[in-house]
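What follows is each chain in one-letter form.
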Amino acid sequence: MAFQAPRGTTDLLPPQAHALDRIQRIACSVFGLYGYGLIETPAFEQLDVFVRGIGQDTDVVGKEMFHVLSPGALAKQAEGAPLRPDDVLALRPEQTASVARAAVQHGLVPPDGATVKLWYRGTMFRAERPQKGRLREFHQVGAECLGAAGPSADAEAVVMLMHFFEECGIPRGALRLLLNSMGDAACRPAYRSQVRAFILDHAADLCPECVRRADTNPLRAFDCKNEGCRQVLADAPRITDLLCDDCAAHYASVKALLDAARVPYEEDPRLVRGLDYYTRTVFEVQADAGLGSQNALGGGGRYDGLIQEFGGRPTPGLGFAVGLERVQLVLEATGNAPDARPVPAAYLAAVDEDARPVVFALAQELRAAGLAAELDHQGRSLKSQFKQADRSGAPVVLVVGPDERAAGAARMRHMGTHEERTVALDAVVDAVKGECTATQEGDQDR
Ligand SMILES: [Zn+2]
Ligand SMILES: [Zn+2]
C-alpha cells in the first residue's frame, strides 16, 4: 500500500510553502514595527497546560486535542503505576497557553509593570473533521502583549492585526472586523446567569448541546452553528448592556482609539470567543471570499486572568492568532495572491561541452551577487536548454559558445523581445542586474 499524509494534514509543496513563508515574513516585519519579539515554544506541552489555559469545557480541550503519551506511560498504566505530568502530553492546539506558561516559567514579565510583547509562528494541531480552511495541522502566527492594562494596548493589537492583513495584500474591503467586550469578573457573572436563564426559558427551541451548556458554560451557546439556535439567541441579553463602569469605559476607549486610527469595525454583542480566558475586549476578523463557513481569519482578545492561572503574579494580557492557510485562501479568492514561484534572473546555456565550465562559473558569480541563476545539468542540446530557459521564466539567457569563449564574453538574449547583444564576462553581473530592474519597472507599468 502506498503511504499517504495523515487525514487532515497537507504537504506544502514549493508554491504553497513559499506562500506561507511570505506571510510569516510579513508578520515578522509588521509585528517588529510594534515592538514584538519572536518566541518559540515546544510543539507539545504537558496536557494540563492546555486544560488550565483554555478550559476543560471547551471543544478545543474536550474534543479536539491530540494526546501524546511518553514512551513509558503505557507500561506504567498497565502496571497501575502513577503517571507524571511529563507522561501525559498534548500537541498544542493553540499557542497562547504555551506562551503564558513560558512567560511565568522564565519570569518574563518584570514586577515594575513593563510591557512584554511576544509573537510566534508555528503549526497547531486539532483533531477536527477536516474541511476547507480547517486542517488537523495548520499554521498560525500570533502575538501576545503582557503587562499592559490600558485600552490603547487593545487598540494597538487590533491596528497591528489589520496592518498585517493589509501588508499581506488583502483589501480592507474584503475584511470585517468584529468587536465586543466580554466584561470581567465584576460584571460577567451576572451576565452569565442572565444567559443561563434565557437558555432554560427557551430550552424547547434550542439544541440539546446548548441546553447542556446552560449549566457548564452558557456563553458558549453563542458559538452554536445550529441556525435555529442562532435565531433564538439573537434575542438573548447583550453583555454590552450589563458592563460595569470600568469595563464600559475601557470598551469606549478602545473604540475611540480605533476611530482615531481610522480602522473601521462592527460591534457584535454575540461575539464571545470560544475560550474561557478572555476578559473585556474580544475581536475577530472575518472574510467572505474563499472561506465558506470557516470565515474567521483570526481573532483574539484580552485575558487578564491567564498569567495567574499559571501561577504568575496578576498580569494583564491580550493577544490574537491568525490562520495562515485561511489568509492564503482569501488572497487567492480575491485575486491578490502574488506568484510565489521562484524565477531565476538568468538562465545560462552552453553551446558545447567546453563552454560548460564557463557557464558554471558564471552562474556562481551571479548567485554571489544575489542573482538567482539556473543552468542545465543533463547534457541537453542548446535547443532543449532554451526550452528549459523559457519554462523557468528567466527574463534573459546567457549563451556561451566557441566565439564567446574566444572573445571572453557571453551572448545575452532577452526572452521577451528576442534581442541579443554581446556582453564581456566581467560585465555580465551588471547587465543582468540592469535587466532585472527593467523587468520590475515594466511590471509596475502594467
Ligand atoms: Zn445549539
Ligand atoms: Zn466589568
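Up top is the structure.
What you see is a predicted model; the values in this text were computed from it and never measured.

(A) Just the sheet that holds strand S11 (residues 317–323), in detail. Pairing is mixed in the open sheet, where 8 strands are placed in the order S1-S5-S6-S11-S10-S9-S7-S8. With partners counted over all chains shown, the strands left at the sheet margins are strand S1 (37–38) and strand S8 (266–267), one partner each. Across the sheet, helix H12 (residues 324–333) lies against strand S6 (137–146), strand S9 (279–287), strand S10 (296–302) and S11, angled at about 55° from S11, the strand it touches most.

(B) Broad picture of the pattern of salt bridges. One pass over the structure, following the stated rule, counts 27 salt bridges. Glu420 is the salt-bridge partner of Arg413, the closest N and O atoms lying 2.9 Å from each other. Judged by relative accessible area, Arg413 falls into the partly exposed class, the value being 22%. A single network of salt bridges, built from pairs that share partners, joins Asp59, Lys63, Glu209, Arg212 and Arg213.

(C) Structural context of the coordination of the zinc ion (ligand 1). Within the protein, the zinc ion (ligand 1) binds to Cys207 (SG), Cys210 (SG), Cys224 (SG) and Cys229 (SG); these donor distances fall in the range 2.3 to 2.4 Å. Each of the 4 donor atoms around the zinc ion (ligand 1) contributes to a set of angles spanning 105 to 113°, which defines the coordination as tetrahedral. Site description for the zinc ion (ligand 1): donor spacing in sequence, C-x2-C-x13-C-x4-C. Taken together, the positions of Cys207 in the loop between helix H7 (188–201) and helix H8 (208–216) and Cys229 in helix H9 (residues 227–233) put the pair 22 residues apart, joining distant regions of the chain. This pair shows no difference in class: Cys207 is buried, exactly as Cys229 is.

(D) Molecular detail of unusual backbone geometry. The backbone phi angle of Arg280 is positive, close to 55°, even though this residue is not glycine. Along the chain, Arg280 falls in strand S9. Take Arg280: its relative accessible area is 15%, and that puts it in the buried class. A positive phi is found at His418, a non-glycine position, where the angle reads about 65°. Note on placement: His418 falls in the loop between strand S15 (409–414) and strand S16 (420–424).

(E) Here's a closer look at the coordination of the zinc ion (ligand 2). Around the zinc ion (ligand 2), the donor atoms from the protein are Asp184 (OD), Cys187 (SG), Cys244 (SG) and Cys247 (SG), and they sit 2.2 to 2.3 Å away. One can describe the donor arrangement at the zinc ion (ligand 2) as tetrahedral, given that its 4 donor atoms subtend angles of 95 to 121° at the metal. Counting along the primary sequence, the residues that act as donors to the zinc ion (ligand 2) give the motif D-x2-C-x56-C-x2-C. You can see Cys187 sitting in the loop between strand S7 (175–181) and H7 and its partner Cys244 sitting in the loop between H9 and helix H10 (245–260), a full 57 residues away along the chain.

Cut-offs and rules
Residues numbered from 1 in each chain as written. Chains lettered and ligands numbered in written order. Predicted model: local features only at pLDDT ≥ 70, side-chain atom pairs only at ≥ 80, totals over all residues. Heavy atoms only, no water. Pairing = 2+ DSSP bridges. Helix = DSSP H or I, 4+ residues; strand = E, 2+ residues; numbered from the N terminus. Contact = heavy atoms within 4.5 Å. Axes fitted to C-alpha atoms, helices over the stretch in contact; angles between N-to-C directions. Salt bridge = Lys/Arg side-chain N within 4 Å of Asp/Glu carboxyl O. Buried < 20%, exposed > 50% of the residue type's maximum accessible area, 1.4 Å probe, protein only. Donors = N, O, S within 2.8 Å, 3.2 Å for Na, K, Ca; no water. Tetrahedral: all angles 85-135°; square planar, octahedral: opposite > 155°, others 65-115°.

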